Amino acid sequence: MEKLTRKYGLLTAICMVVGTVIGSGVFFKAQNVLNATGGNMPLGIVAWVITGIVMIVCSLQFAVMATKYERVSGVVDYAEATCGKNYAYYLAWFLANLYYPGMTSVLAWVSARYLGVIFGWDIVGPRVMVIAGFFLIASYTMNALSPKLAGKFQVSATFIKLIPIVLMAIVGSIVGLVNGTLTNNFANVVTEAVGGSVGSGLFAAVVATVFAYEGWIVATSINAELKNPKKTLPLALILGSLIVVAAYVLYYVGVAGGATNAVLMEEGATTAFKNIFGAVGGTFLNICIVISCLGTLNGLMVGATRGMYAIAARGEGPRPDTFGQIDKASNMTTNSSVWGLFVCAAWLVYFYGANLSPDGGWFGIFNFDSSELPIVTIYAMYIPMFIVWMKKEKELGFFKRFLLPALAIVACGFMVFAAVYAHGITPFRAAREAGGFSLPVLFYLIVFAVIMLVGFFFSPFFKRRFEKK
């Protein structure tokens, strides 16, 4: 079986982390955080930092793993080295058929959505959905035909998306200090926090920031294509995570210099841009958001196109000879990419039907957000890896063997809880009393179980039993 060449350096790897995490959330979560804290700016900063620490702790743990294990696809390699081939197979199957394509399909729509905002289109109308399909296919085409071009686009999009963030962080802070808006926003609280207390408001704000930090693990999918991966990937995970946290916090502070907390809570960050940079600034922000989302889409597509290859490269899954094929001209996982596009398209149809369709959802009780709920399972699947790491890596010191993975387990547990809390597992009685039947996390988990059951029939365990018979 042919192998992928080492074509990406540290800059591309860092941009995979930063570019995949920073999408549209950074530009609009500030409003959610302010509303959760009642306009308490310092409390909002604490919320951004807390969730950033969660991301940094998990990325540090994977960075340590990256210095020891390296084969085909980062996180799948770590799962195999810690929990064995069967566990790694199921993680890879989940990534290839639910996690990557679920988020990728939604980012195609989000990119089209913000383009539609610029032109005044209905964000769930036919024009936006056609553009969403085009963005999905265009991202696939770029990755399938020219992985190097996809890498260069990722770097370019990352730098472009940082322009409005840096501008607002610097100019907004200066303007806010000069006119007193920033000082006033830090000194005064607009209203009572969600839940009536600082603690409940802080938790609600942290939950609001959780999904703005998701996606960094996608960077490990190009492990086999990184130059000196045992050095490059850990640096990329750590530096990329720190850049993301700094960007989020500084942007949040800069926005507070552009308008009062009360206005920001009502109208969002776009108003701050318009106040500081004029009407052109608002349009510029929307253009940057489109590019930002396309960069995130590209990063996710990188993972989606390599999903089945990560399984086939181990001689596992359906037709390893087919999905393990690498194009000689482009050095790309051609058949794996085709499958990735197909599954992304299927999840785009699902997302529209479940969340955007005007008739209230095509799938009844199985309507859920396919971009955010996979967090429930991906972070839960990290936990056994960290536990086994603590048992297995006896030559490491206390910090790397016990303290860091223990903190990572706590961080993963929090991310799972936050995802469940945000989307809710409504008790049957409460659902009936509310006149509906809302169990999104439960029914997501049912869909997850069905997808994993399909994967079982292609698993190493099933194949061994079948071959014996």
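Residues numbered from 1 in each chain as written. Predicted model: local features only at pLDDT ≥ 70, side-chain atom pairs only at ≥ 80, totals over all residues. Heavy atoms only, no water.

1. Brief notes about the overall build of the protein
Here's step 1: Check the secondary structure of the protein and you find 21 helices and zero strands.
Here's step 2: As presented, the protein carries roughly 18,400 Å² of accessible surface, and 68% of it is formed by carbon and sulfur atoms.
Here's step 3: Within the protein, one finds 32 positive and 20 negative side-chain charges whose respective centroids are separated by 9 Å. (Helix = DSSP H or I, 4+ residues; strand = E, 2+ residues; numbered from the N terminus. Areas by Shrake-Rupley, 256 points an atom, 1.4 Å probe, with all protein chains shown as cover. Lys, Arg positive; Asp, Glu negative; His and termini not counted. Charge placed at Lys NZ, Arg CZ, Asp CG, Glu CD.)

2. Section: the pattern of salt bridges
Think of it this way: side chains of opposite charge can pair up when their charged atoms draw near.
Here's step 1: Across all of its chains, the model carries eight salt bridges by this definition.
Here's step 2: For Glu393, the salt bridge goes to Lys68, with nearest N and O atoms at 3.4 Å. A residue pair is termed long-range when its members are at least 10 positions apart, and Glu393 in the loop between helix 17 (374-392) and helix 18 (398-423) and Lys68 in the loop between helix 3 (41-66) and helix 4 (74-83) qualify at 325 residues.
Here's step 3: Relative accessible area serves as the criterion here: at 4%, Glu393 is assigned to the buried category.
Here's step 4: Using a relative accessible area of 31% as the deciding quantity, one classes Lys68 as partly exposed.
Here's step 5: Taking the shortest distance from any N to any O, the salt bridge between Glu80 and Lys85 comes out at 3.6 Å.
Here's step 6: Under the relative-accessibility criterion, Glu80 is labelled buried at 19%.
Here's step 7: Taking the relative accessible area as the measure of exposure, Lys85 reaches 40% and is therefore partly exposed.
Here's step 8: Salt bridges here are not isolated pairs; linked through shared partners, they connect Asp77, Glu80, Lys85, Arg314 and Glu316. (Salt bridge = Lys/Arg side-chain N within 4 Å of Asp/Glu carboxyl O. Buried < 20%, exposed > 50% of the residue type's maximum accessible area, 1.4 Å probe, protein only.)

3. Some remarks on the packing of helix 3 against helix 10 (residues 229-255)
Here's step 1: Running from N to C, helix 3 and helix 10 cross one another at 175 degrees; their axes reach a closest spacing of 9 Å. The angle between helix 3 and helix 10 places the two elements in the roughly antiparallel class.
Here's step 2: Residues of the contact of helix 3 with helix 10, tallied by class, amount to 21 nonpolar, four polar and one charged. (Axes fitted to C-alpha atoms, helices over the stretch in contact; angles between N-to-C directions. Parallel < 35°, antiparallel > 145°, perpendicular 65-115°, else oblique. Nonpolar A, V, L, I, M, F, W, Y, C, P; charged D, E, K, R; others polar.)

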